[in-house]
Amino acid sequence: MPSIVRACVVGASGYTGGEILRYLAFHPNIEVTMATSREYVGLPIHYVHLNLRGFYKGLKFEPLDLDKIGSKCDIVFLSVPHGVSLELVPKLLEMGLRVLDLSADYRLKNPEDYKRWYNREHPHPDLLAKAVYGLPELHRDEIRNARLVAVPGCNATSSILAAAPLVKYKLVDLDHIVIDVKVGSSEAGSKAYSGSHHPERENAIRPYDPTGHRHVAEIEQELSLLANRAIRVAFVPHAVSAIRGSLATVHAWLNEGVDEKAVVRAFTTFYAKEPFVRIVRSGLLKYPDPKYVIGSNFADVSFAVDNRVNRVATFAAIDNLGKGSAGQAVQDMNIMLGFEETLGLLIPPLKPA
Ligand SMILES: NC(=O)c1ccc[n+]([C@@H]2O[C@H](COP(=O)([O-])OP(=O)(O)OC[C@H]3O[C@@H](n4cnc5c(N)ncnc54)[C@H](OP(=O)(O)O)[C@@H]3O)[C@@H](O)[C@H]2O)c1
């Protein structure tokens, strides 16, 4: 790869697209040569992303033209709704481009799972096998050689990061894992619908999809791979009154003989070399809060053991637009391109946020 890589963001007018542009604005080895939008063609980037005023001078939103992407870019981020990437991905790969897809279209390995959770046959099951699930903490080596990375969902990322050490080292009853997620409104994207309209969403504390949320499929896929056996989880997300942030709380029951020391060891070992996972054990607040990772690619994780009922609760807090999508996509890109993994991403989160 050349030292300067040319990137295109498809769906650049949306929330994850805007965040990718924000991260790439100070990436030393990336030049964003194209940003697509259907609605804002011809307008400068800051027309939509007011935070990016003064950046990307000269870059304007363009229509999605595959030939143009092929001639102007080396790598493509797809920040588009589910279903839109299905047909874009094979075409972009055929043109020799590397692709990071932020939608759910290529996250599941098994075409039967895709059919079950998305109610349709996957049109390119061969590519499901080739796509790499872009959670570096689990798949770093595969991401290095990938041409197609399926960037994980935000709630899936927080859930998997909170549960992974317990599952990997089999510290808990793997048949009874309960995951509760609280997530902010930007998770639903920039287009408003009745449930996300400000008067409806502000002050909400509301469960949604409590029995069939689609992120369950990828959480179970990844935890099963880690455990080397099938894992099923009970998963309930809640919409809360925040703009950014996803907090996963995992409830599990400790296997006989497992104590707090074993949980500490599992977390410190599993995340020992992870540049973006911080274990929260001290400070004014003892447990993770997405508030303290906002605007960054960090994930704060922690745990608490309740000996009285032999239970462990583990936590992971992320910015859904950081480690939950755009930040993680840039981390994946760095790994794919052989750059330092943290390039352009090592900024401390905001406080207060
Ligand atoms: N928001 C999150 O926290 C989050 C986290 C993880 C993953 N994701 C996933 O990332 C993807 C993007 O999410 P988002 O939150 O950025 O959504 P968003 O804010 O709604 O942005 C999506 C963008 O895609 C463009 N678009 C929509 N339909 C299109 C089509 N048929 N062809 C081409 N472009 C189209 C739209 O731009 P124009 O109308 O201007 O063309 C829109 O701005 C989704 O698949 C989402 O599930 C989101």
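This one's a predicted model, so the numbers in the text were calculated from it and none came from an experiment.

Trainee: Before we go on, may I ask you to explain the sheet that holds strand β13 (residues 299–306) in this structure?
Mentor: The strands that make up a sheet pair up through hydrogen bonds in the backbone, lying either parallel or antiparallel. The seven strands are arranged β9-β10-β8-β11-β14-β13-β12 in an open sheet whose pairing can be described as mixed. The open sheet is flanked by β9 (205–207) and β12 (277–279), the only strands paired with a single partner. Each adjacent strand pair in this sheet contributes to an overall mean axis angle of 20 degrees, direction not counted.

Trainee: Is there a simple way to think about the pairing of strand β10 (residues 233–240) in this case?
Mentor: Two faces belong to every sheet, and in a regular strand the side chains alternate between them. Only one face of β10 is buried, namely the one carrying Val 233, Phe 235, Pro 237 and Ala 239, since none of Ala 234, Val 236, His 238 and Val 240 on the opposite face is buried. Summarising the sheet, strand β8 (residues 177–183) and β10 pair through seven bridges and their orientation is parallel. From the neighbouring strand, Ile 179 faces β10, where its bridge partner is Phe 235. Pairing of β9 with β10, which is carried by three bridges, proceeds in the antiparallel orientation. Counterpart to Arg 206 in the pairing with β10 is Ala 239.

Trainee: Help me understand helix α11 (residues 260–270), please; the structure alone is not making it clear to me.
Mentor: Within α11 the residues assigned to the buried category are Val 263, Ala 266, Phe 267 and Phe 270. End-on view of α11: buried residues confined to an arc of 90 degrees, all on one side of the axis. Exposed and facing more than 90 degrees away from the buried side of α11 are Lys 261, Thr 268 and Thr 269. Against the buried residues of α11 lie α8 (154–168), β12, β13 and β14 (311–318).

Trainee: I tried to follow the nonpolar core on my own but got confused; where do I start?
Mentor: Counting 99 residues, the largest nonpolar core has Val 9, Val 76, Phe 77, Ala 163 and Ala 299 as its most contacted members. Sorting elements by how many residues they give to this core places α8 first, with nine residues. Non-local contacts of Val 9, meaning those with residues more than four positions away in its chain, are made with Gly 17, Ile 20, Leu 21, Val 32, Ala 35, Phe 77 and Ser 79.

Trainee: What's the story with the site of the ligand in this structure? I'm lost.
Mentor: Gly 11, Gly 14, Arg 38, Gly 189 and Ser 190 are the nearest of the 29 residues found near the ligand. Among the elements that take part in the shell around the ligand, helix α1 (residues 15–24) stands out by supplying three residues, more than any other. Class assignment of the residues belonging to the shell around the ligand gives a composition of nine nonpolar, 16 polar and four charged. Each of domain 1 (5–151 + 325–336) and domain 2 (154–318) contributes no fewer than three residues to the shell around the ligand.

Trainee: Looking at this model, I keep getting lost on the domain arrangement of the protein chain. Mind explaining?
Mentor: Buried accessible area, meaning the area lost when the parts come together, often serves as the stated size of an interface. As assigned here, the protein chain comprises domain 1 (5–151 + 325–336) and domain 2 (154–318). If you average the C-alpha positions of domain 1 and of domain 2, the two centres end up 25 Å apart. In this assembly, 16 residues from domain 1 lie in contact with 19 residues from domain 2. Only α5 (111–118), α7 (136–144) and α12 (326–336) provide two or more residues apiece to the side of domain 1 that touches domain 2. When residues in the side of domain 1 that touches domain 2 are grouped by element, the largest group, three residues, is from α12. Classifying every residue of the side of domain 1 that touches domain 2 by side-chain character gives seven nonpolar, five polar and four charged.

Trainee: For this particular structure, what's the right way to read the packing of α8 against α11?
Mentor: Each pair of packed helices gets described by two things: the angle between the helix axes and the distance between those axes. The interhelical angle for the contact between α8 and α11, taken along N-to-C directions, is 115 degrees, at an axis separation of 9 Å. One way to sum up the angle between α8 and α11 is to call them roughly perpendicular. For the crossing formed where α8 meets α11, the hand is right-handed. In this structure, α8 uses Ala 164, Pro 165, Leu 166 and Lys 168 to contact α11, whose residues at the interface are Ala 266, Phe 267 and Phe 270. Class assignment of the residues belonging to the contact of α8 with α11 gives a composition of six nonpolar, no polar and one charged.

Parameters and conventions
Residues numbered from 1 in each chain as written. Predicted model: local features only at pLDDT ≥ 70, side-chain atom pairs only at ≥ 80, totals over all residues. Pairing = 2+ DSSP bridges. Helix = DSSP H or I, 4+ residues; strand = E, 2+ residues; numbered from the N terminus. Axes fitted to C-alpha atoms, helices over the stretch in contact; angles between N-to-C directions. Buried ≥ 20, exposed ≤ 12 C-beta atoms within 10 Å, placed from the backbone. Arc of directions from axis to C-beta. Contact = placed C-beta atoms within 7 Å. Core = buried A, V, L, I, M, F, W, Y, C linked by C-beta atoms within 7 Å. Near = placed C-beta within 6 Å. Nonpolar A, V, L, I, M, F, W, Y, C, P; charged D, E, K, R; others polar. Domains from an automatic or database assignment. Parallel < 35°, antiparallel > 145°, perpendicular 65-115°, else oblique. Left-handed = near helix turned anticlockwise from the far one by under 90°.

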